[in-house]
Amino acid sequence: MRFVDEFREPELISKTAEEIRRLAGTERHYRMMEVCGGHTHAIYRFGLKDILPENIELIHGPGCPVCVLPMGRIDDGLAIAQEPDVIFAAFGDMMRVPGTQGSPLEHKARGIDVRIVYSPSDALKLARLNPDRHVMFFAIGFETTAPSTALTMMRAKAEGIRNFSVFCNHVTIIPAIRAILDSPDMRLDAFIGPGHVSTVIGCRPYEWIAHNERKPIVVSGFEPLDMLQSIVMLLRQLKAGEARVENQYKRVVPWEGNRAALKAMAQVFQLRPYFEWRGLGFISQSALRINDQYAEFDAEQRFEVPGIRVTDPKAAQCGEVLKGVLKPHQCKLFGRECTPEHPIGALMVSTEGSCAAYYNYEHRKAAMVSLSSIA
Amino acid sequence: MDRDGPKHDVANHQVVGGCRMCLAIPGKIVEISSDNPDSALVDVVGVRRRIDLGLLQDDKPAPGEWVLIHVGFAMSKISEQDAADQMSTLRMLGEIDGAMQEVKGYGLDDVN
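Keep in mind it's a predicted model, so treat the numbers as computed, not measured.

Colleague: Got a minute to help me understand helix α2 (residues 96-105) of chain B in this structure?
Modeller: Since the α-helix packs 3.6 residues into each turn, any two residues three or four apart lie on the same face. Across the 10 residues that make up α2 of chain B, a large majority, seven, are buried. For α2 of chain B, the complete set of buried residues consists of Ile 96, Gly 98, Ala 99, Met 100, Glu 102, Val 103 and Gly 105 of chain B. Of the surrounding secondary structure, the elements contacted by the buried residues of α2 of chain B are α7 (120-129) of chain A together with β2 (25-32), β3 (39-44), β4 (47-52) and α1 (80-92) of chain B.

Here it is as structure tokens:
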């Protein structure tokens, strides 16, 4: 409980933690997946595991867009970056992510024109400022960022900008949840639903999880109290044998989502028949491509794309960790060959990946403890 | 084309950073651009930047109102209290510096 005093409303947090312990009892084990990488990061940062009883296990889901991006897509994007007059623009999150020939940052050091942008609209601005160059935006993210990419392309089209394109890696969260639920070794009882993705898609797309799969799901905020309250809501459903979609994050997430954002996505994107996810493999209808009306802004249509596929080493057990079959430290490579400094598997790639989060907080904490016990 | 995945001896010495694109940053609408109703000046704890309001078309925020910003686009309207709570969450997450760097990065030109 040592972190509790640092939080807002410590008394309410203690009370909620007490309610969790009461509801959880001791008879059975509960496995809950937090889908969103932001939640994973918050859980470790806040030390929520120290507050929760041992029979509640949090499984870290596939909701880190950097982690699930196949390395071949980075290679493909960087291959286009080497075409004459191309400026490769991407979020800072992408800069240190390794491709087989190095990260975007390492390509920049080799003389490739790689720029960090904070917004897709900055990439478009780069195109306006460099009319004799071609700016390719390496787009990544779930439904939180996809509408911004879509609206940027709509603006580019309306302005008649010719030297701008998007290399689209946007993915959608629902098919990934479906893939996890469909896998035979799946052992989850309930889901903590993503907060910010849900501001866009709303709560309705989760209804099949409750109705068809009989798993409760609660869309949750990111504060410690939010997540603890969401766990209370899930436990109450599980205890009552119910499976419903509930919204703990009502102050930000409307049930219907953001219609303007969904409309922008529908205008520019269409579903890909399938897309590869690192750690999960190919998932049908799980990603977005640019539709024919926006073909002139589609980097995959404007440029020759090598279509590189990179297989993760067989020893990496990312898929099992994603499905909650293994804890991060139970993977054979964890903390030995695969570390945040030398990521081999998907989940070690970003600090929001479950293995990197586990490594940064738990592993280092354990190392400190053993050091202090020696001293 | 197939390539081999990372070998155990891959030289990559940097620690890979967090996920700033996933941050939701609260900002207060200062003014809506007179020549573009989709462009607004926002204040994020004293830093002023231009953001895009195009994804809040159905429910446009007015000056003085608060929004959550993702990658330079306002994504939802929130209350002042929620904005303060979100800032404290970012602080607790150790993401304040990242969030401010992100905000300062919006727009390639200064608006101050």
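Colleague: Help me understand the sheet that holds strand β2 (residues 56-63) of chain A, please; the structure alone is not making it clear to me.
Modeller: Within a sheet, adjacent strands bond to each other through the backbone by hydrogen bonds, running parallel or antiparallel. Residue and element names in this part refer to chain A. One open sheet accounts for five strands, arranged β2-β1-β7-β8-β9; its pairing is parallel. Single-partner strands in this sheet number two, and they are β2 and β9 (245-247). Mean inter-strand twist for the sheet, computed between neighbouring axes without regard to direction, equals 20°. Where strand β1 (residues 30-36) meets strand β7 (residues 190-193), three bridges bridge the pair, whose relative direction is parallel. Across the sheet, Met 32 pairs through a bridge with Ala 190, a residue of β7.

Colleague: What's the story with the domain arrangement of chain A in this structure? I'm lost.
Modeller: In many reports, interface size means the accessible area that the parts give up when they come together. All names here are of chain A. The assigned domain composition of chain A is domain 1 (5-63 + 174-247), domain 2 (71-172 + 257-302) and domain 3 (318-374). On a C-alpha basis, the centroid separation for the pair domain 1 and domain 2 is 32 Å. At the junction of the two partners, domain 1 supplies 14 residues and domain 2 supplies 16 residues. Together domain 1 and domain 2 conceal approximately 1,000 Å² of surface at their shared face, both sides included; 76% is due to carbon and sulfur atoms. Of all residues in domain 1, the largest losses of buried area upon contact with domain 2 belong to Pro 175, Val 197 and Val 200, amounting jointly to 46% of the total for that side.

Colleague: Sorry if this is basic, but what is going on with the pattern of salt bridges here?
Modeller: Close approach of charged atoms lets side chains of opposite charge pair. Tallied over the full model, the rule gives 26 salt bridges over all chains. Here Arg 133 of chain A and Asp 113 of chain A are joined by a salt bridge, their closest N and O atoms 2.9 Å apart. Taken together, the residues span a long stretch of sequence, with Arg 133 of chain A in the loop between α7 and β5 (134-139) and Asp 113 of chain A in the loop between α6 (104-109) and β4 (114-116) at a distance of 20 residues. Taking the shortest distance from any N to any O, the salt bridge between Glu 159 of chain A and Arg 128 of chain A comes out at 2.7 Å. Linking Glu 159 of chain A in helix α8 (residues 146-159) with Arg 128 of chain A in helix α7, this pair joins segments that are 31 residues apart in sequence. In this structure, a network of salt bridges that share partners links the residues Arg 155 of chain A together with Asp 38, Asp 52 and Lys 60 of chain B.

Colleague: Just checking my understanding: could you explain α1 of chain B for this structure?
Modeller: Helix length check: α1 of chain B, at 13 residues, gives a terminal C-alpha distance of 18 Å against a target of 18 Å (1.5 Å per residue), a fit within 8%. Following α1 of chain B by one or two positions, Gly 94 of chain B has its phi on the positive side, about 75°.

Colleague: Which parts of the structure should I look at to understand unusual backbone geometry?
Modeller: Peptide bonds are, in most cases, trans, and in most cases residues other than glycine have a negative phi. In the Ramachandran plot, Gln 285 of chain A falls in the positive-phi region, its phi being about 50° despite a non-glycine side chain. Considering the arrangement of structural elements, one finds Gln 285 of chain A in the loop between β12 (281-284) and β13 (288-290). On the accessibility criterion, Gln 285 of chain A (47% relative accessible area) is partly exposed. Of note in the backbone geometry, Val 71 of chain B takes a positive phi value of approximately 40° without being a glycine. Checked against the element boundaries, Val 71 of chain B lands in the loop between β5 (66-70) and β6 (73-78). Looking at Val 71 of chain B, the relative accessible area reads 1%, which means it is buried.

Colleague: What exactly am I supposed to notice about the interface of chain A and chain B here?
Modeller: If you look at the interface, chain A gives 67 residues, while chain B gives 52 residues. Regarding the contact of chain A and chain B, the summed buried area is about 5,100 Å², with carbon and sulfur atoms giving 57% of it. Together, Asp 93, Arg 96 and Tyr 118 of chain A form the three largest contributors to the area buried by chain A at its contact with chain B, with a combined 14%. Put simply, chain A and chain B have three salt bridges between them. Where Asp 38 of chain B meets Arg 155 of chain A, a salt bridge forms, and the shortest distance between an N and an O atom there is 3.4 Å. Across the contact surface, chain A and chain B share nine residue pairs in polar contact (both at pLDDT 80 or more). For the side of chain A that touches chain B, the secondary structure elements donating two or more residues are α2 (37-45), α4 (65-68), α5 (71-81), α7, α8, α10 (196-201), α13 (259-268) and β14 (309-311) of chain A. Top element by residues in the side of chain A that touches chain B is α7 of chain A. It accounts for six residues. Per-class residue counts for the side of chain A that touches chain B are 33 nonpolar, 18 polar and 16 charged.

Cut-offs applied
The written sequence of each chain sets the order in which its residues are numbered from 1. Chains carry letters from A onward and ligands carry numbers from 1 onward, assigned in written order. Confidence filtering applies because this is a predicted model: local features only for residues at pLDDT of at least 70, side-chain atom pairs given and counted only at 80 or more, and all residues used for totals across whole chains, interfaces and linings. As a rule here, side-chain values cover all heavy atoms of the structure and leave hydrogens and water aside. Per-residue accessibility, obtained with a 1.4 Å probe over protein chains only, is compared with the maximum for each type, and a residue is labelled buried under 20%, exposed over 50%, and partly exposed between these values. Secondary structure elements are defined from DSSP: runs of H or I of at least 4 residues count as helices, runs of E of at least 2 residues count as strands, and each element is numbered from the N terminus. It only takes one pair of heavy atoms within 4.5 Å for two residues to be counted as in contact. Any two strands with at least two DSSP-identified bridges between them are counted as paired. Interaxial angles span 0 to 180 degrees and are taken between N-to-C directions of axes, which are lines fitted to C-alpha atoms, for helices over the stretch in contact. A domain assignment, automatic or from a database, supplies the domain bounds used here. Accessible surface is computed with a 1.4 Å probe, and the buried area is the amount of it that two parts give up when combined, taken over both parts together. In the sections that follow, a salt bridge refers to a side-chain nitrogen of Lys or Arg positioned within 4 Å of a carboxyl oxygen of Asp or Glu. Expected helix span is computed as 1.5 Å times (number of residues minus one). In protein, a polar contact means a hydrogen-donor-capable atom and an acceptor-capable atom, both N or O and within 3.5 Å, with residues adjacent in sequence counting only if both atoms are side-chain atoms; elsewhere, any N or O pair within 3.5 Å suffices. In the scheme used here, Gly and all other residues not listed as nonpolar or charged are polar, with Ala, Val, Leu, Ile, Met, Phe, Trp, Tyr, Cys and Pro taken as nonpolar and Asp, Glu, Lys and Arg as charged.

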